[in-house]
Amino acid sequence: MAINVINEKCKGCAICAKNCPFNAITMEGKLAVIGSACTGCGVCVDKCPFKAIEKVKEEKSGVDLSEYSGVWVFAEQRENKIMPVVVELLGEGKKLAKEVGCELSAVLCGYNVEGLADELFEYGADKVYVADSKELENYTTDGYTKVIFEAISKYKPEIVLLGATHIGRDLGPCLAVKANTGLTADCTKLEIDPVDKKIKQTRPAFGGNLMATIVCPNHRPQMSTVRPGVMAKAEHTPGRSGDVINLEVAFNEGDIRTKVLEIVKSVKETVSLTDAEVIVAGGMGLGKPEGFDLLKELAKKLNGVVAASRAAVDAGWIDHAYQVGQTGTTVKPKIYIACGISGAIQHVAGMQNAEQIIAINTAENAPIFEVADYGIVGDLYKVVPAMIDELNVATELSMEEQLC
Ligand SMILES: Cc1cc2nc3c(=O)[nH]c(=O)nc-3n(C[C@H](O)[C@H](O)[C@H](O)COP(=O)(O)OP(=O)(O)OC[C@H]3O[C@@H](n4cnc5c(N)ncnc54)[C@H](O)[C@@H]3O)c2cc1C
């Protein structure tokens, strides 16, 4: 929609200019003029007392939607290992493909990676497009963008999903700009509109205080990067197979401007929060960094791992790798035990999909209790040791039973 001033009706009162949230209207003599900052929000249309401003339909510029079909998942691999988020994307992609009524495909780039196609079939891909070349051994923005963009232009998928990993966040926007289409970053929910079959992409915005649902009506493919750890993993069907389609890979000199000299792995302790079945998380309620030792003890008893709120990370009590939440990791364990965590929306955004949430907090009105399945109002330094004692008793009993 565009905004148009009906010159004959405009009285030059400037009410529209004063009310425009984007300062997009200027007064030229006694006439309102709409500038390039206009977003078409329509506030001026409602405010004009003389009905001198109207919304007009713009000619849609897009593509022939009927030419596009299929859901594609970018099969991110590192050192010839498929990234866990790909299995989540295939699970979600399968669901979307079923609702749209199309095939699910994976796009795999790398060197000597063809063998990984079988894994992708077993996780639900019907087709795997493979670009196998020495130049694609390490990820480069130029190399991957060129190959995948050419494949998109040739095979015309309707939907393209990438993990919101460092690579996916780099590659997604480059592909979207080349394909002249829309991309929604860091989605936490994807749905197909039952009426027009377009994809509704939902992502947190404004620090997680608002969930925005975005559609890409006239351009294709519809592209999303999807936050790791949010979508359910695809089912694994051993022996399932499909079609491999080899993509042509030809680079001219200068096509790839990045030269990878060395890949240095972080020496930081590796934390696998997304794979953990049990997470014992601590927040400011711990009062001191040593509190995490107690939580580690409980986590060990439950074969789990510890995690933290951002406040605890910011306090320097634990590394950022352990942070759960909007600016940390999103987790979906079987059990999430929140100890001394208030339950701010930015934290809850990262753990609310846990199967069971247990909250321990001294304040009975702490927001964490709103998402908790079980809540214990109390001092974590009393509750957690009591839980450890109970688990010790249970372990001893089960050992006795085994000996009998
Ligand atoms: C843009 C943005 C992004 C953010 N991203 C994240 C994110 O990814 N992850 C995240 O966690 N936060 C994030 N935050 C911060 C978030 O808003 C909160 O500030 C943070 O989650 C609070 O951490 P907390 O619950 O540990 O601390 P507090 O809010 O201080 O809560 C401490 C809780 O401990 C309880 N308590 C105190 N003593 C005890 C005790 N002895 N036993 C039991 N309970 C006790 C208190 O009652 C209180 O509820 C973000 C904020 C912004 C603005």
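First things first, this report covers the structure right here in the doc. These numbers were taken from a predicted model, which means no experiment stands behind them.

1. So, the side chain of Q222
In step 1: Inspection of the secondary structure puts Q222 in strand 15 (residues 222–226).
In step 2: A distance of 3.0 Å separates the side chain of Q222 from the backbone nitrogen of I199, its partner in a polar contact.
In step 3: Apart from the residues within four sequence positions on either side, Q222 is in contact with E158, I159, V160, G182, K198, I199 and C216.

2. Quick look at helix 5 (residues 141–155)
In step 1: Helix length check: helix 5, at 15 residues, gives a terminal C-alpha distance of 21 Å against a target of 21 Å (1.5 Å per residue), a fit within 8%.
In step 2: Listed as buried for helix 5 are D142, G143, Y144, T145, V147, I148, A151 and I152.
In step 3: Buried residues along helix 5 sit in contact with strand 5 (71–74), strand 6 (77–78), strand 8 (104–110), strand 9 (127–132), strand 10 (159–163) and helix 6 (166–179).
In step 4: One or two positions beyond helix 5, positive phi appears at K156, with a value near 50°.

3. Considerations on unusual backbone geometry
In step 1: The omega torsion across R220 and P221 is -5°, close enough to zero to call that bond cis.
In step 2: Tracing the sequence through the fold places P221 in the loop between strand 14 (210–214) and strand 15.
In step 3: In this structure, K51 is a non-glycine residue whose phi angle is positive, near 50°.
In step 4: Within the secondary structure layout, K51 lies in the loop between helix 2 (43–47) and strand 4 (53–56).
In step 5: Residue K51 is classed as exposed on the basis of its relative accessible area of 63%.

4. Notes on the pairing of strand 18 (residues 305–308)
In step 1: In this sheet, strand 18 lies alongside strand 17 (residues 278–282) in parallel orientation, the contact comprising four bridges. Within the sheet, the bridge partner assigned to V280 lies in strand 18 and is V306.
In step 2: Since strand 17 and strand 18 lie parallel, the crossover through helix 7 (residues 291–301) that links them has a hand, and here it is right-handed.

5. Quick look at the sheet that holds strand 18
In step 1: Here we have five strands laid out as an open sheet, ordered 18-17-19-20-21, and parallel in their pairing. Of all the strands in the sheet, just strand 18 and strand 21 (374–377) have a single pairing partner and so form its edges. Within this sheet the neighbouring strands show an average axis-to-axis angle of 20°, counted without direction.
In step 2: Direction of pairing for strand 17 relative to strand 19 (residues 335–339): parallel, over a ladder of five bridges. Residue pairing in the sheet places I279 in a bridge with Y336 of strand 19.
In step 3: Contacts from helix 7 reach strand 17, strand 18 and strand 19 within the one sheet, and its direction differs from that of strand 18 by about 140°.

6. Focus: helix 3 (residues 84–100)
In step 1: Helix length check: helix 3 (17 residues) gives 25 Å between terminal C-alpha atoms against 24 Å at 1.5 Å per residue, within 8%.
In step 2: Within helix 3, 12 of the 17 residues are buried, leaving the element largely enclosed by the surrounding structure.
In step 3: When we look at burial in helix 3, the residues that qualify are V85, V86, V87, E88, L89, L90, G91, E92, G93, L96, A97 and V100.

7. Looking at the nonpolar core
In step 1: Counting residues in each nonpolar core, the largest one holds 35 residues, and the members touching the most others are V86, L108, L120 and V128.
In step 2: For this core, the secondary structure elements donating two or more residues are strand 5, helix 3, strand 8, helix 4 (117–122), strand 9, strand 10 and strand 12 (189–192).
In step 3: Considering every element that reaches this core, the biggest residue donor is helix 3, with eight residues.

8. Regarding the sheet that holds strand 8
In step 1: An order of 11-15-10-5-8-9-16 is seen for the seven strands of this open sheet, with the pairing classed as parallel. Of all the strands in the sheet, just strand 11 (183–187) and strand 16 (243–246) have a single pairing partner and so form its edges. Each neighbouring strand pair of the sheet contributes to a mean axis angle of 20°, computed without reference to strand direction.
In step 2: When strand 5 meets strand 10, the two strands line up parallel, connected through three bridges. Pairing of V73 across the sheet is with L161, part of strand 10.
In step 3: Across the sheet, helix 3 touches strand 5, strand 8, strand 10 and strand 15, and the angle it forms with strand 5 is around 175°.

Cut-offs used in this document
Residues numbered from 1 in each chain as written. Predicted model: local features only at pLDDT ≥ 70, side-chain atom pairs only at ≥ 80, totals over all residues. Heavy atoms only, no water. Helix = DSSP H or I, 4+ residues; strand = E, 2+ residues; numbered from the N terminus. Polar contact = N/O pair within 3.5 Å; in protein donor to acceptor, adjacent residues only side chain to side chain. Contact = heavy atoms within 4.5 Å. Expected span 1.5 Å × (residues − 1). Buried < 20%, exposed > 50% of the residue type's maximum accessible area, 1.4 Å probe, protein only. Pairing = 2+ DSSP bridges. Right-handed = clockwise from strand over helix to strand, strands pointing away. Axes fitted to C-alpha atoms, helices over the stretch in contact; angles between N-to-C directions. Core = buried A, V, L, I, M, F, W, Y, C linked by side-chain atoms within 4.5 Å.

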